Number of protein chains: 2
Amino acid sequence: MKPSTVKGTRDFTPLQMRRRNYIFDTIKEVYRLHGYSPIETPAMEALSTLLGKYGEEGDKLLYKVLNSGNFMEKALKGSSEGPCRLEASSAEELSKALLPGISEKGLRYDLTVPFARFVVQHQSELAFPFKRYQLQPVWRADRPQKGRYREFYQCDADVIGSDSLLYEAELVQMIGEVFARLAMRVKVKVNNRKILAGIAQAVGCQDKLAALTVAIDKIDKIGLDGVMAELRERGVEEDAAARLVPVLRIEGDTGARLAFLDGFLSQSPEGRRGIEETREIFGLLARMEVQVPCELDLSLARGLNYYTGAIFEVKSEDVPMGSICGGGRYDDLTGIFGLKGLSGVGISFGADRIYDVMEEAGLFPPALDSGTEVLFVNFGERERDWTFAPMSRLRSEGISVELYPSAVKLGKQFGYADSLSIPYVAVLGENEHAAGKLLLKEMKTGMQQELSLEEAAALLKRKRAGAQEGGREEKD
Amino acid sequence: MKPSTVKGTRDFTPLQMRRRNYIFDTIKEVYRLHGYSPIETPAMEALSTLLGKYGEEGDKLLYKVLNSGNFMEKALKGSSEGPCRLEASSAEELSKALLPGISEKGLRYDLTVPFARFVVQHQSELAFPFKRYQLQPVWRADRPQKGRYREFYQCDADVIGSDSLLYEAELVQMIGEVFARLAMRVKVKVNNRKILAGIAQAVGCQDKLAALTVAIDKIDKIGLDGVMAELRERGVEEDAAARLVPVLRIEGDTGARLAFLDGFLSQSPEGRRGIEETREIFGLLARMEVQVPCELDLSLARGLNYYTGAIFEVKSEDVPMGSICGGGRYDDLTGIFGLKGLSGVGISFGADRIYDVMEEAGLFPPALDSGTEVLFVNFGERERDWTFAPMSRLRSEGISVELYPSAVKLGKQFGYADSLSIPYVAVLGENEHAAGKLLLKEMKTGMQQELSLEEAAALLKRKRAGAQEGGREEKD
């Protein structure tokens, strides 16, 4: 009887919204400061735009929208008059046969394909390199589980139409800036698909790139013998596996790793290009004085089926959690829609995981706990009318205020303030009104002060500024 | 071949996004200042939540989402094994018969029903009165036409759980504040469903409320004889129509109209309550010193099937256009989901129409024309590296800057700035670098100045503040 949200989807309450918006606003502000422009695309795209772009599994996870009205008429085309009949050898066959006729639109599965469609459709209006950001929900008919939802936001920034490595460096700089503003401690891992391809070339199994990266990723967990067994299982020849051993034993910082790779990949032009790109990116990061810790990590192999150069991934150092941001360089995003030769590079923040880390680490600023900053107490019609001018005045200073709607018992009015975590209550009785003042009571401490409007506004702004600081300062 | 957006839906380019966000941010800020809290609900709701809430026509306009995977298996239930067959007397019958089995979810049609569902689902966590705002897209499978889209944003604020008329006044105050901030000239029309019901009672045809309001609305266009003919046609008795004549001839300001109604509705308790409410609302608006022009307009009859008290509508005085904001009091929003007795009142801004008015009247601040505020010219690797520190410095002052990615001809770099309407270009050559300065060139005037970083930041912030003013000042 009681209505509820659809499985795998969520409502967001005011507190959750203020915290989510804090994350989104931080990301958007950093994007804006670096010259990225916002765009939005529709929730629904033609199925012809979406199908085949996310692999067979992705096609299944697309939400399909039923054609409007009498959808079977279109599906049956000519034979729509009079009685009609459908037959198939199984329900599954019938589903497959019916689908293309009854559905032409699907819900956005990510922001990348709609962005590619956008660039192709609007190419004549755009200046390249085109730096865009996009924060919108996407939908996937995935099995819901902890931290995985059927509706969730993606927060992407991409540059398209330039192969300058400046953008790789800029994106890492932006990652550092976002997490610094959120007071989150993170590490940025960088890899390069060309280095991985070079390694595969150097050990002599270019067709086993995925197996090699899995092996590199597991060395810390299962040790050399375990990795060797796994490589055998995945069909990597014994001598190729043996040649991989120095890579599995790689040590030292990014400089040392690159120096090792100089030797190891000396015979692979693609590998050498990967090293060169990586060195250039780390050099730029140093000269840009990017503070966030970055390191070359050969085990990073996300998006191998579409990234063609640098690959990024960000891990929280506060809370164990999957990747909270990722990205990379892809050389032919718009090729799927017939516009060749545009190289792109981009990043995407995982807002839900960032939220979970910040909540667990207590990093949300206390100012987000409440919307309204001052509740004006209602003592009856005459006193109520006195509140109008002071409320307008405080609002004109950017302070959120409201009046309790009726002159009920004070306990009830204070209870309302309490349940909304409103930090201050303002009392305006005969004396205060005559003196042009307010009695401002801080709910947490019970402390009250009689203040002029100027003083009250100044105090409230000062308090808010303090409460807007991230949670880290308070704890350290 | 070239991909495109689905019919009736739109992409938003960076310029459109900045302008739309200007409207959305203004609305959100005013909502926040008055103590309204943001919530969001999922795009998809159970069809059982949506169906039957928008009338028969609305049910047809709901977008239905196809069940995932082998949707026919569920539809056929037990008989899913082996060959299957569907028969119906027509395609339409088949569509009707299939629909409940193959689709259980629909896309949000408005924000009101999801809000009602939210309140019922979360009632134990909420403090009442609950003041919420919600800005999200909705979807309707409507015939697209000028200004009507299949995906569009609604911008709602509602208070639920109080019948205080303070909220009616507060919402009108907020309407005034939003349009003042947008530099739009508007008029707020106020009516009350109880007054309309009282009029119907007074003339003796309570069952013909709709016909009477249509008549009152048309008096200016078709005159008294036309209205009388129309009333006859709609089945209003001759003597009832005659008794309506004084209402059709009503004149004067809100005070005069209310005074007339005092007499006309003296025998209708409901009508008298409507007058009393209206007088109270206008009284509150006067004492709150709300500046936006407001008037009682008896022809205003929006949402008669759900509003139960005050009704609001806002018209632009700049550009002829339909209603750009509306709302009213409804007494039983959550009753449809089994939670009785919660009175609500709300407003909703029509962002698309507001956008159109502002564009036509030239009211968007020039600062929105561009995202990036300064393009740093790229003279080659050495000079490029010199830009990193000044760029970070300007960004730390909130100024959006970017570097052209390669050292191509200046003409091309300036062309990029031009096509993005970037107002300033910064040049950092040997001399400027040595002096710790920038050469800042204003693109519009060609004027250039050598400035320290402090001076440059101050100039850019001053310019932006000027360009952030609404368009009205520039013209008057």
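Structure shown above.
Below is a summary of the structure that appears in this document. Since we're looking at a predicted model, the values are computed, not measured.

Cut-offs used in this document
- Residues numbered from 1 in each chain as written.
- Chains lettered and ligands numbered in written order.
- Predicted model: local features only at pLDDT ≥ 70, side-chain atom pairs only at ≥ 80, totals over all residues.
- Heavy atoms only, no water.
- Helix = DSSP H or I, 4+ residues; strand = E, 2+ residues; numbered from the N terminus.
- Rg over C-alpha atoms; globule rule 2.2 N^0.38 Å.
- Buried < 20%, exposed > 50% of the residue type's maximum accessible area, 1.4 Å probe, protein only.
- Contact = heavy atoms within 4.5 Å.
- Areas by Shrake-Rupley, 256 points an atom, 1.4 Å probe, with all protein chains shown as cover.
- Lys, Arg positive; Asp, Glu negative; His and termini not counted.
- Charge placed at Lys NZ, Arg CZ, Asp CG, Glu CD.
- Polar contact = N/O pair within 3.5 Å; in protein donor to acceptor, adjacent residues only side chain to side chain.
- Axes fitted to C-alpha atoms, helices over the stretch in contact; angles between N-to-C directions.
- Parallel < 35°, antiparallel > 145°, perpendicular 65-115°, else oblique.
- Left-handed = near helix turned anticlockwise from the far one by under 90°.
- Nonpolar A, V, L, I, M, F, W, Y, C, P; charged D, E, K, R; others polar.
- Buried area = accessible area lost by both parts, 1.4 Å probe.
- Salt bridge = Lys/Arg side-chain N within 4 Å of Asp/Glu carboxyl O.
- Pairing = 2+ DSSP bridges.
- Least-squares fit on C-alpha atoms with pLDDT ≥ 70 in both.
- Expected span 1.5 Å × (residues − 1).
- Bend = angle between axes of the 7 residues up to and from the residue.

1. Quick notes on the overall build of chain A
Helix and strand counts for chain A stand at 18 helices and 17 strands. What you see for chain A is a C-alpha radius of gyration of 29 Å, clearly larger than the 23 Å of a compact globule of 476 residues, by over 25%. When its C-alpha atoms are laid out on the principal axes, chain A stretches across 90 × 75 × 45 Å. Within the span of chain A, comprising 476 residues, buried residues form 58% of the whole. Counting only contacts in chain A whose residues sit at least 6 apart along the sequence, the fraction spanning at least 24 positions is 69%. Accessible surface for chain A amounts to roughly 19,900 Å². Of this, 48% is attributable to carbon and sulfur atoms. Each charge class in chain A can be summarised by its mean position, and for the 63 positive and 70 negative side chains these summaries are 2 Å apart.

2. Some words on the side chain of B:Asp142
Among the secondary structure elements, B:Asp142 is positioned in the loop between strand E6 (130-139) and strand E7 (151-160). Within the structure, B:Asp142 has its side chain in polar contact with the side chain of B:Arg148 (distance 3.4 Å).

3. Focus on the packing of helix H7 (residues 166-181) of chain A against helix H12 (residues 269-287) of chain A
All names here are of chain A. In contact at an axis separation of 9 Å, H7 and H12 are set at 50° when each is read in the N-to-C sense. Between H7 and H12, the interaxial angle falls into the category oblique. The handedness of the crossing between H7 and H12 is right-handed. Between H7 and H12, the residues in contact are Leu166, Glu168, Ala169, Val172 and Gln173 and Ile281, Leu284 and Leu285, respectively. Taken together, the residues that form the contact of H7 with H12 break down as six nonpolar, one polar and one charged.

4. Considering the packing of helix H14 (residues 381-396) of chain A against helix H12 (residues 269-287) of chain B
Running from N to C, H14(A) and H12(B) cross one another at 50°; their axes reach a closest spacing of 9 Å. As far as their axial angle goes, H12(B) and H14(A) are oblique. Mapping the contact onto sequence places A:Arg384, A:Asp385 and A:Phe388 in H14(A) and B:Glu280, B:Leu284 and B:Arg287 in H12(B). Taken together, the residues of the contact of H14(A) with H12(B) sort by class into two nonpolar, no polar and four charged.

5. Notes on the interface of chain A and chain B
The interface is formed by 106 residues belonging to chain A together with 105 residues belonging to chain B. Roughly 8,800 Å² of surface becomes buried between chain A and chain B when both sides are summed, with 60% attributable to carbon and sulfur atoms. Between A:Arg287 and B:Asp385 there is a salt bridge whose closest N-O contact spans 2.5 Å. Counting across the chain A and chain B interface gives 42 residue pairs in polar contact (both at pLDDT 80 or more). If you tally residues by element for the side of chain A that touches chain B, the top one is helix H5 (residues 91-102) of chain A, at seven residues. Where strand E4 (residues 84-88) of chain A meets strand E4 (residues 84-88) of chain B, five bridges bridge the pair, whose relative direction is antiparallel. Looking at the pairing, A:Leu86 lines up with B:Leu86 of E4(B).

6. Comments concerning the relation of the copies chain A and chain B
Rotating chain A by 180° and translating it 0.0 Å along the rotation axis places it on chain B, where the RMSD comes to 0.0 Å. The operation mapping one copy onto its partner corresponds to a two-fold rotation axis. Within chain A, A:Val65 has its C-alpha nearest the rotation axis, a separation of 2.2 Å. Mapped onto chain B, 99% of the interface residues of chain A again fall at the interface, so both copies present the same surface.

7. Some remarks on the sheet that holds strand E1 (residues 37-38) of chain B
Residue and element names in this part refer to chain B. Judged by pairing direction, the sheet is mixed, and its eight strands sit side by side in the order E1-E6-E7-E12-E11-E10-E8-E9 without closing on themselves. In this open sheet, the two edge strands, each paired with only one partner strand, are E1 and strand E9 (294-296). Sheet strands touched by helix H8 (residues 193-203): strand E8 (186-192) and strand E10 (310-316). Its angle to E8, the strand with the most contacts, is close to 50°.

8. Comments concerning the environment of B:Ser299
All names here are of chain B. Here Ser299 shows up in the loop between E9 and E10. Classification of Ser299 as buried rests on a relative accessible area of 18%. Not counting residues within four places of it along the chain, the set of residues in contact with Ser299 comprises Asn191, Ile216 and Asp217. In this structure the side chain of Ser299 is engaged in a polar contact, spanning 2.7 Å, whose partner is the side chain of Asp297.

9. Some details on helix H9 (residues 209-233) of chain A
Residue and element names in this part refer to chain A. The terminal C-alpha atoms of H9 lie 14 Å apart, and with 25 residues this falls more than 12% below the ideal 36 Å at 1.5 Å per residue. Of all the bends found along H9, the most pronounced is centred on Ile222 and spans about 125°. What H9 keeps buried is the set Leu209, Ala211, Leu212, Thr213, Ala215, Ile216, Ile219, Val227, Met228, Glu230 and Leu231.

10. Some details on the pairing of strand E12 (residues 344-349) of chain A
Consecutive residues of a regular strand have side chains that alternate between opposite faces of the sheet. Residue and element names in this part refer to chain A. Here E12 lies mainly inside the structure; five of its six residues are buried. By the bridge criterion, six bridges tie strand E11 (residues 325-330) to E12 in an arrangement that is antiparallel. Bridging from a neighbouring strand, Cys325 pairs with Phe349 of E12.

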